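Commentary on secondary and tertiary structure
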Amino acid sequence: MNLDSSKQAIIRLFNVTKRYGAKLALNDVSVDIQPGEFIFISGPSGAGKSTLLKVLYLAEKVSEGQILINGMNLARISASKLPRLRRRFGMVFQDFKLIPGRTVYENVALVLEVAGEKPSYIRKKVMHVLRTTGMEKKANALPPTLSGGEQQRVAVARAVVGDPDIILADEPTGSLDQASARLVLDFLMAYHQKGATILVASHNLHLMESMVRGRNIVLDQGQLVKTSTML
Amino acid sequence: MPMTRYIKKALADIRSNRFLNLITIVTISLSILVVSLFLLFFENASRVIEGWNQGGRAMIYLESAFSPEMLPDLEARINSLGEVDEMQFIPKSRALERLKSEMSSHTGFFDTLKQNPLPHALEIRMKTHGDFQKVAAFAKKIGALDMVESVEYGQGWLARFLKIFSLFRITGYAMCGLFLLIALFITANTVRLAFYSRRLEIEIMRLVGATEAFIKTPFYVEGLFQGFLGGLLGLLILLAAFFTVSSGISQNLSAYVYLDIRFLSVKAMGLIILASTFLGWFGCYLSLKQILK
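Residues numbered from 1 in each chain as written. Chains lettered and ligands numbered in written order. Predicted model: local features only at pLDDT ≥ 70, side-chain atom pairs only at ≥ 80, totals over all residues.

**Points about the overall build of chain A**
What chain A contains, in helices and strands, is 8 helices and 10 strands. When the 231 residues of chain A are sorted by exposure, 41% land in the buried category. For chain A, long-range pairs separated by at least 24 residues make up 71% of all intrachain contacts whose partners lie at least 6 apart in sequence. (Helix = DSSP H or I, 4+ residues; strand = E, 2+ residues; numbered from the N terminus. Buried ≥ 20, exposed ≤ 12 C-beta atoms within 10 Å, placed from the backbone. Contact = placed C-beta atoms within 7 Å.)

**What to know about the overall build of chain B**
Helix and strand counts for chain B stand at 10 helices and 4 strands. Scanning chain B from its N terminus toward the C terminus, one meets helices and strands in the order α-α-β-α-β-α-α-β-α-β-α-α-α-α. Intrachain contacts of chain B at a sequence separation of at least 6 include 86% that bridge at least 24 residues.

**A short note on unusual backbone geometry**
Within the chain, Asp28(A) stands out as a residue other than glycine whose phi angle is a positive 55°. The topology assignment puts Asp28(A) in strand β2 (residues 23–33). Phi at Met147(B) is positive, roughly 80°, even though this residue is not glycine.

**Quick look at the interface of chain A and chain B**
Contacts between the two partners involve 14 residues from chain A, matched on the other side by 12 residues from chain B. Elements represented by at least two residues in the side of chain A that touches chain B include exactly α3 (82–86) and α4 (104–114) of chain A. Counting residues per element, the side of chain A that touches chain B draws most heavily on α4(A), which supplies 4 residues. A per-class count over the side of chain A that touches chain B returns 7 nonpolar, 2 polar and 5 charged. (Nonpolar A, V, L, I, M, F, W, Y, C, P; charged D, E, K, R; others polar.)

**Notes on the sheet that holds strand β3 (residues 38–42) of chain A**
Two strands in a sheet stick together by hydrogen bonds in their backbones, pointing the same way (parallel) or opposite ways (antiparallel). All names here are of chain A. Read across the open sheet, the 6 strands follow the order β6-β7-β8-β3-β9-β10; overall the sheet is mixed. What marks the edges here is a single partner per strand, and that holds for β6 (89–93) and β10 (223–230). Neighbouring strand axes in the sheet, compared pairwise and without regard to direction, differ in orientation by 15° on average. Strands β6 and β7 (166–170) of the sheet are contacted by helix α6 (residues 148–160), whose axis makes an angle of about 165° with β6. (Pairing = 2+ DSSP bridges. Axes fitted to C-alpha atoms, helices over the stretch in contact; angles between N-to-C directions.)

**Quick look at the sheet that holds β2(A)**
Residue and element names in this part refer to chain A. Strand order in the open sheet formed by 4 strands is β2-β1-β4-β5, and the pairing between neighbours is antiparallel. Both outer strands of the open sheet, β2 and β5 (72–73), are each paired with one neighbouring strand and no more. Two elements, strand β4 (residues 64–69) and β5, share 2 bridges in a ladder whose sense is antiparallel. Of the residues in β5, the one forming a bridge with Leu68 is Asn73.

**Considering the environment of Ser210(A)**
Residues and elements named next belong to chain A. Tracing the sequence through the fold places Ser210 in helix α8 (residues 205–211). Residue classification places Ser210 among the exposed residues on the basis of 11 C-beta atoms within 10 Å. Once the C-alpha coordinates of Ser210 and Arg182 are considered, the two residues, 28 residues apart in sequence, prove to be 9.9 Å apart.

**What about helix α5 (residues 119–132) of chain A?**
Residue and element names in this part refer to chain A. Its 14 residues give α5 an end-to-end C-alpha distance of 20 Å, which sits within 8% of 20 Å, the value for a rise of 1.5 Å per residue. All of the buried residues along α5 are Val126, Val129 and Leu130. End-on, the buried residues of α5 take up no more than an arc of 100°, which puts them together on one face. Exposed and facing more than 90 degrees away from the buried side of α5 are Ser120, Tyr121 and Lys124. (Expected span 1.5 Å × (residues − 1). Arc of directions from axis to C-beta.)

**Regarding the packing of α6(A) against helix α7 (residues 178–193) of chain A**
Residue and element names in this part refer to chain A. For the pair α6 and α7, interaxial distance at closest approach is 9 Å and the crossing angle is 10°. In terms of orientation, α6 and α7 fall into the roughly parallel class. Between α6 and α7, the residues in contact are Gly148, Gly149, Gln152, Arg153, Val156 and Val160 and Ser180, Leu183, Val184, Phe187, Leu188 and Tyr191, respectively. Grouping the constituent residues of the contact of α6 with α7 by class yields 7 nonpolar, 4 polar and 1 charged. (Parallel < 35°, antiparallel > 145°, perpendicular 65-115°, else oblique.)

**Thoughts on the environment of Ser180(A)**
Residue and element names in this part refer to chain A. Considering the arrangement of structural elements, one finds Ser180 in helix α7. Residues Ser180 and Gln152 lie 28 residues apart in sequence; the distance between their C-alpha atoms is 8.6 Å. Ser180 has contacts with Gly148, Gly149 and Gln152, leaving out every residue within four places of it along the chain.

**Thoughts on the pairing of strand β3 (residues 121–126) of chain B**
Residue and element names in this part refer to chain B. Taken together, the 5 bridges between strand β1 (residues 57–62) and β3 define a ladder with antiparallel strand orientation. Counterpart to Tyr61 in the pairing with β3 is Ala121. In this sheet, β3 lies alongside strand β2 (residues 84–90) in antiparallel orientation, the contact comprising 6 bridges. Residue pairing for β3: Phe89 is matched across the bridge by Leu122.

Written out as structure tokens, the structure is:
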């Protein structure tokens, strides 16, 4: 680990291990991620890609090791401070995780509502983000009436609407056709250009290599086996 | 989030789960109806019994050796005991006349009487009439006076009736408790079902940084609404039933007995609404506590 770069790291993992019973999902993973980096986490199914993201947003607790985010030790985060930490993340999932009974607008607005923003600000910001992702005209539609690509664009809009420092995307293109996948990655890259740190877990290496400039972290059986730069 | 937004959210949730919420509100209203019905009965029965007791009238029957000349002395002794509000002497001749007029169809029987069998009597009204035990103690004191044969103040049947009534009251309270428990259980169950039906929504809320208060408050508001509406509906049903039934009772029984039947007091209605609102909240609290444990 480079000492200078570790001082500036926005995310630091120290010997992180996660066990599910006897199975090791993550095995002694250590890595530093700098602010503004685009990190691509690759590896075969069951390599621990999703688990790595889950321990970052505290959907799972690590079995061993420590994680620091902006110098904050996740092991010491109290339940009452967890919501504040999660507002610093934008999250995108393969299954979109949109609320089916709420409109596109309401799904995106939820992030700002939980942050206690004023209604006038929420309206302005949500419409701006929907315009950027090309979903403005579908603001009143319910998610089940949208295509997979459209739903993922709404999920991306929701992920960026709160201006988070870090975006965590778990197989964001996994259930999309090539064109929709490219569109979603375009949005993520555009947001990355504004300075955000982006971590994308995906097995779609070819698409990533063709579009993304960043660092590739390869996991296999829970272990970090390789890091390389994608140009 | 401001309270108005929580309220809007709760109303939207009620709309989206209309049937479930309707069932809960109706269940609460039926429970409140039963409880209010008991309260209505006890409020009115207590007032009627108090009315019977309130006269505080007692009849003092005097010994056959008593003569009207002894009256001032006896009156003075009774007055010295205090507690007497009003006193009227009823000579045995007037008592017989009163009896004859009340039993006018049996005049033949009265003609066979060689002498007046009735005793002289004193009718008194006591100052103490609310406390049954005090009345009994006072009657006992009068009974111990010289020239007093016996004192009649309805002690037998009224005491027995009061015992039965208090037993009935305890049963009523137990029934009220039971129905409130049922309503509480139903409310808690509705919240649990609503929570499970919105599991995905809650999971997403947590992922985007919602606090527990943000997630729980709409459920509490929903519980308060259910409790309040249930209580109000229960009282409205009771009010409608009361006006229908009470006019019938008054028409049929007014010729025999004076019954002052009234609806629940404003205070009692307020308490019922408050209790049912609390019930809605408490059901929600119990449910969320168990689910989020």
